[in-house]
Amino acid sequence: QKEIEAPIIIIGSGYGGAVSALRLCEAGKKVLILEMGLNWEKSGIPFSNLLKPGKSAAWLRKKTIAPFMNLFNLTPFTGALDRLEFENINIWMGRGVGGGSLVNGGMAVTPKETYFKEVFPNLDATKFYDFYFPLARKELKVNVIDEQFLNDCPYYKFTRVGEEEAHKAGFKTMRVPNVYDFKYMEKEYKNEVPRSALNTEVIYGNNYGKNSLDKTYLKKALDTGNLEILDLHYVDNIKLNSDKTYTLNAQNINTSGDVVAEKVFHCKKLILAAGTMGTLKLLLRSNAMNDFPIGQKVGKNWGNNGNFMTGRNFVNPLHGGTGAQQSTIPVGGVDNWDDKEHPFFTEIAPLPMGMDVATALYLLINRVDKKGQVSYDKINKKIVLDWDKTNTEKMKENTDYFIKKMNKANGGTRAHLLFDNGFGANICYHPLGGCVLGEATNEYGKLKDHDNLYVLDGSLIPGTIGVNPFVTIVAISEYCIENLIKQNEFA
Ligand code: FDA
């Protein structure tokens, strides 16, 4: 068994991990990231697209795990997209150096200030809107599509149709910023560069165009010379030692998922950035196995960010559909947040199937009126999620309202084929909470009952933020790590 010492270890290389790594490295600290997924860039293995799923399509499975229409047989490989399956909800997430940034739609949305204040009453909103959100957008390279390109490009027919229909139904729409480089996309369209978004690449990774974390925060952190990333290293559990240091039991796997080495890491300072579900699993499992102290609040105040997927089929043959060719990068949304009775935001989502399936797809984001809870089942050694249809009742009502209003104004039916009765209540891309800032942790993410352990990822956000979450995860992580460094936590 190999034993390795490092002063600061970060588990996970998604948003929280990448932000912490950069700021610590800039402050001259040596940082080691342990990431269970593959370093795709280093491996040289290309990402596959939606129409030809290959190695990157799924984490160690024989079948793809797209939200629907999974037809292909795969050779198990440490792919970029993974899914956790619970009784009433499936949760998707990214695996690899860059975490969720490798597989997500890149939608970079700043939450509404009023809702941010409601979710985080103890944070200084002015400071966030003047400094941390602009900082997050700058570092993530957020940009907006050119309106002329959007109007002219056949790959955005789905957005134009979606917006027209929404307006006809009396809804307000909004332009959605993204980290995908739209100047690159314009060149793709002219066939001047290899295609990515216009070649159905997204949830299995993008080979070009997308500013994922490996091209932004992690690249900058590596350029300092202070960061080392060990990929294919899965941390199984953590022990707190009597001198307040930590021991991590980890497994180094190969790309088929076989364990090639058991490793033990020791560190003085530990940052958990394994994503909401990964961090909760580590904390709850370590608690069950090693009496690891976690306090009463870990696992509480969890939510799906109001995620609710739905679709509409166009029955009218004269409708014209949403286009056979679709960009994978969403740029339009319906903003119904200010409607007191039916507050929601929905992405006008692409459905790039290689043919016009005459279906419009939407991922709604709702408020989360009733939160869930995550705990650990010691017998079956897995995390359990207390979440059922009572948690999504209001989300369903909003979705029903939206679809009915859209269909009334434009024709169409609920997409029964894609989802059970047209309602994808069990689809979650945005798990949040369970280790909430100021509840399970102190005001800057230090876990209660610990001197040297910090949580910096989506689990800090109490289950809801009203928009796609990564801009907020980055802003909160920037805020926490800046203050932790200022307080000499890593001296
Ligand atoms: P994140 O999940 O990014 O990173 C955690 C990392 O830790 C992963 O790389 C994981 O492999 C690693 N890890 C976990 N357990 C480990 C262990 N035990 N040992 C070692 N490593 C471990 N959001 C948004 O704002 N706009 C969007 O358009 C989208 N679209 C979207 C589409 C799809 C398909 C998905 C799945 C998700 C989105 N999201 C999104 C959500 C967004 O990607 C998500 O909220 C963030 O990636 C969460 O960031 P975190 O830093 O919390 O963890």
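Shown above is the structure to which this text applies.
Calculation criteria
- Residues numbered from 1 in each chain as written.
- Predicted model: local features only at pLDDT ≥ 70, side-chain atom pairs only at ≥ 80, totals over all residues.
- Heavy atoms only, no water.
- 1 Å grid on protein atoms, 1.4 Å probe; cavity = no way out; pocket = protein on both sides within 12 Å on 5 of 7 lines; lining within 4 Å.
- Points joined across faces, edges and corners; volume = space filled by probe spheres on them.
- Helix = DSSP H or I, 4+ residues; strand = E, 2+ residues; numbered from the N terminus.
- Nonpolar A, V, L, I, M, F, W, Y, C, P; charged D, E, K, R; others polar.
- Contact = heavy atoms within 4.5 Å.
- Core = buried A, V, L, I, M, F, W, Y, C linked by side-chain atoms within 4.5 Å.
- Buried < 20%, exposed > 50% of the residue type's maximum accessible area, 1.4 Å probe, protein only.
- Phe/Tyr/Trp six-rings, centres within 6.5 Å; stacked < 30°, edge-to-face > 60°.
- Near = heavy atom within 4 Å.
- Polar contact = N/O pair within 3.5 Å; in protein donor to acceptor, adjacent residues only side chain to side chain.
- Areas by Shrake-Rupley, 256 points an atom, 1.4 Å probe, with all protein chains shown as cover.
- Pairing = 2+ DSSP bridges.

Visitor: Sorry, what's going on with the layout of surface pockets here?
Guide: Leftover empty space is mapped by rolling, across the atoms, a probe with the size of a water molecule. In this model, the second largest pocket occupies a volume close to 420 Å³. Forming the boundary of the second largest pocket are 20 residues, of which Asp-420, Phe-423, Gly-424, Ala-425 and Asn-426 lie nearest the centre. Mapped by element, the contributors of at least two residues to the lining of the second largest pocket are β4 (90-94), α10 (389-410) and β18 (423-424). Along the lines of polarity and charge, the residues of the lining of the second largest pocket split into 8 nonpolar, 6 polar and 6 charged.

Visitor: Just checking my understanding: could you explain empty space enclosed by the protein for this structure?
Guide: Tallying each qualifying case throughout the model produces 2 cavities of 30 Å³ or more. Volume-wise, the largest cavity comes out at about 60 Å³. Every residue lining the largest cavity is counted, 14 residues in all, and those nearest its centre are Phe-158, Thr-322, Ile-348, Ala-360 and Leu-361. Among the secondary structure elements, those contributing two or more residues to the lining of the largest cavity are α6 (157-168), β13 (344-349) and β14 (359-366). Among the residues forming the lining of the largest cavity, the class breakdown is 9 nonpolar, 4 polar and 1 charged.

Visitor: I tried to follow the environment of Met-107 on my own but got confused; where do I start?
Guide: Residue placement: Met-107 occurs in the loop between β4 and α3 (113-119). Along the primary structure Met-107 and Cys-435 are separated by 328 residues, whereas in three dimensions their C-alpha atoms are 24 Å apart. Contacts of Met-107, omitting those with residues within four sequence positions, involve Val-176, Pro-177, Asn-178, Pro-330, Glu-347, Asn-468 and Phe-470.

Visitor: What is the right way to read the nonpolar core from this model?
Guide: Nonpolar side chains in soluble globular proteins tend to be buried together. One finds Ile-9, Phe-116, Phe-128, Tyr-156, Leu-248 and Leu-270 to be the most contacted residues of the largest nonpolar core, which totals 132 residues. Ranked by the residues each element gives to this core, the list is headed by helix α11 (residues 470-486), at 10 residues. Beyond its immediate stretch of four places on either side in the chain, Ile-9 contacts Leu-32, Leu-34, Leu-248, Phe-265, His-266, Cys-267, Lys-269, Leu-270 and Ile-271. One finds Trp-40, Trp-92, Leu-102 and Leu-363 within the second-largest nonpolar core, a separate group that totals 32 residues.

Visitor: Quick question: what am I supposed to make of the packing of aromatic side chains here?
Guide: Aromatic rings in a pair are described by how distant their centres are and how their planes are angled relative to each other. Using the criterion set out here, one finds 29 aromatic pairs in the structure. A centroid spacing of 5.7 Å and a plane angle of 80° characterise the contact between Trp-92 and Tyr-429, whose relative ring orientation is edge-to-face. Placement of Trp-92 in strand β4 and of Tyr-429 in the loop between β19 (427-428) and β20 (432-434) is noted, with a sequence separation of 337 residues between them. Taking relative accessible area as the criterion, Tyr-429 reaches 28% and is therefore assigned partly exposed.

Visitor: Whenever I open this one, the site of the ligand confuses me. Can you help?
Guide: Around the ligand there are 37 residues in total, and Glu-35, Gly-100, Met-107, Gly-458 and Phe-470 lie nearest to it. Within the backbone of Met-107, an N or O atom sits 2.8 Å from a nitrogen atom of the ligand. The protein chains hide 95% of the 1,000 Å² of surface that the ligand would expose on its own. Mapped by element, the contributors of at least two residues to the shell around the ligand are α1 (15-26), β4, β7 (233-240), α9 (275-290) and α11. Grouping the amino acids of the shell around the ligand by side-chain chemistry returns 18 nonpolar, 16 polar and 3 charged.

Visitor: In this structure, what is going on with the sheet that holds β19? I would like to understand it.
Guide: Sheet strands associate in pairs through backbone hydrogen bonding, adopting either a parallel or an antiparallel arrangement. Read from one edge of the open sheet, 3 strands run β3-β4-β19, paired in mixed fashion. One side of each edge strand has no neighbouring strand; the edge strands of this open sheet are β3 (81-85) and β19. Relative to β4, β3 runs antiparallel, the two sharing 5 bridges. Bridge pairing in β4 links Leu-81 to Gly-94.

Interpretation in functional terms is not warranted from these geometric data alone.
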